[in-house]
Amino acid sequence: RKAMNEMTSMKAPPSNKAENVDVPFAFRDLVARHSPGGRYIDAQTDVDSPWVPFGENAAIKHLAFDVRSNTFSNILWVKSAGAVGTHLHRGTIVMVCLEGSVRYLEYDWVASPGGLILEVPGEAHTLVTDHPDGVKLFGWMQGPIEFYDDQGAFVETADVWWFMNHYDTYCRENGIAINPKLYL
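In this text the structure is predicted, and so the values were computed from the model without any measurement. (Residues numbered from 1 in each chain as written. Predicted model: local features only at pLDDT ≥ 70, side-chain atom pairs only at ≥ 80, totals over all residues. Heavy atoms only, no water.)

Chemist: Please explain the nonpolar core as it appears in this structure.
Modeler: The nonpolar side chains of soluble globular proteins are, as a tendency, buried together. Core analysis: the largest hydrophobic core is formed by 33 residues, its most contacted members being Phe65, Leu76, Leu127 and Leu137. Among the secondary structure elements, those contributing two or more residues to this core are strand 2 (58–66), strand 3 (71–78), strand 5 (93–100), strand 6 (102–104), strand 10 (135–142), strand 11 (145–148) and helix 2 (160–173). Setting aside anything within four residues of it in sequence, one finds Phe65 in contact with Thr71, Phe72, Val160, Phe163, Met164, Tyr167, Leu182, Tyr183 and Leu184. (Core = buried A, V, L, I, M, F, W, Y, C linked by side-chain atoms within 4.5 Å. Buried < 20%, exposed > 50% of the residue type's maximum accessible area, 1.4 Å probe, protein only. Helix = DSSP H or I, 4+ residues; strand = E, 2+ residues; numbered from the N terminus. Contact = heavy atoms within 4.5 Å.)

See below:
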């Protein structure tokens, strides 16, 4: 092995082998005993998670819930031109536009497929899609989201517990098995 002062910056992964490599890790046994482990969630079909109605013109496919950090992941589908009302984030949001397009009334940009949307705590905005086929947004959200009516009056807070209840209630009411893989 090279000494630290002889090392150069990695420009690409050092191996392109398509096989398992035994990587030394001092806490491997702890990870095996206590980690919930990695998992795969099929977001393309309803096998792992159904589309759950979210108002008249939208649905959510829940992908992950982590109560330890109040984080949750889902795909928001606004099915045709429309809006998701004004909301204020108390945490960080990272979204990718998968289909259609979306904008916020408060900004001058329009996200299209592949576009990355970064939202920071303390910002309020109104999500709008003008696209005739709506929009699908994949997101990782952290912290509560406060929703307001068209007069600016507080309506409700949605956090990891709200999203878990949204999923659980829909599944129970429709005879769909609750998927334990969604709970980290």
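Chemist: Please clarify how helix 2 should be interpreted in this entry.
Modeler: Every α-helix winds through 3.6 residues per turn, so residues three or four apart in the chain are directed the same way. Here helix 2 spans 20 Å end to end across 14 residues, near enough to the 20 Å set by a 1.5 Å rise per residue. Among the residues of helix 2, those classed as buried are Val160, Phe163, Met164, His166, Tyr167, Asp168 and Cys171. Contacts made by the buried residues of helix 2 are with strand 1 (51–53), strand 2, strand 3 and strand 12 (154–158). (Expected span 1.5 Å × (residues − 1).)

Chemist: What's the story with the sheet that holds strand 1 in this structure? I'm lost.
Modeler: The strands making up a sheet associate through backbone hydrogen bonding, with each pair oriented either parallel or antiparallel. Pairing is antiparallel across the open sheet formed by six strands, whose spatial order is 1-2-3-10-5-8. Where the open sheet ends on each side, the last strands, each with one partner, are strand 1 and strand 8 (116–119). Taking each pair of neighbouring strands and ignoring which way they run, the sheet shows an average axis angle of 25 degrees. Along the sheet, helix 2 makes contact with strand 1, strand 2 and strand 3, crossing strand 2 at roughly 115 degrees. (Pairing = 2+ DSSP bridges. Axes fitted to C-alpha atoms, helices over the stretch in contact; angles between N-to-C directions.)

Chemist: Help me understand unusual backbone geometry in this model?
Modeler: Both trends apply: most residues other than glycine have a negative phi, and most peptide bonds are in trans. With phi around 55 degrees, Asn70 is a residue other than glycine that occupies positive phi space. Tracing the sequence through the fold places Asn70 in the loop between strand 2 and strand 3.

Chemist: Just to check I follow, could you spell out the pairing of strand 12 for this structure?
Modeler: Two faces make up the sheet, and in a regular strand the side chains alternate between them. The sheet contact formed by strand 11 and strand 12 spans four bridges and is antiparallel. Bridged to Tyr148 within strand 12 is Phe154. From the end of strand 11 to the start of strand 12, which pair antiparallel, there are five residues, and Gly152 there has a positive phi angle of about 85 degrees.

Chemist: Help me understand the packing of aromatic side chains, please; the structure alone is not making it clear to me.
Modeler: The description of an aromatic ring pair rests on the distance of the ring centres and on the angle between the ring planes. According to the stated counting rule, one finds twelve aromatic pairs in the structure shown. Arranged with centres 4.9 Å apart and planes meeting at 75 degrees, the rings of Trp162 and Phe163 form a pair that is edge-to-face. Centre to centre, the rings of Tyr167 and Tyr183 are 6.5 Å apart; their planes meet at 55 degrees, and the pair counts as tilted. Note that Tyr167 is positioned in helix 2 and Tyr183 in the segment after helix 2, a separation of 16 residues in sequence. For Tyr167, a relative accessible area of 0% gives the class buried. Given a relative accessible area of 24%, Tyr183 falls into the partly exposed group. Aromatic ring contacts, followed pair by pair, group Phe54, Phe72, Trp162 and Phe163 into a single cluster. One cation-aromatic arrangement involves Lys79 over Trp77; the distance from NZ or CZ to the ring centre is 5.2 Å. (Phe/Tyr/Trp six-rings, centres within 6.5 Å; stacked < 30°, edge-to-face > 60°. Lys NZ or Arg CZ within 6 Å of the ring centre and 35° of its normal.)

Chemist: Just checking my understanding: could you explain the pattern of salt bridges for this structure?
Modeler: Pairing between side chains of opposite charge can happen when their charged atoms approach one another. Per the counting criterion, the structure on display carries six salt bridges. Note that Asp46 is salt-bridged to Lys61, the shortest N-O span being 2.8 Å. In this pair, Asp46 is assigned in the loop between helix 1 (28–34) and strand 1 and Lys61 in strand 2, connecting sequence segments 15 residues apart. Classification of Asp46 by relative accessible area gives partly exposed; the value is 49%. Among the residues examined, Lys61 registers a relative accessible area of 0% and is labelled buried. (Salt bridge = Lys/Arg side-chain N within 4 Å of Asp/Glu carboxyl O.)

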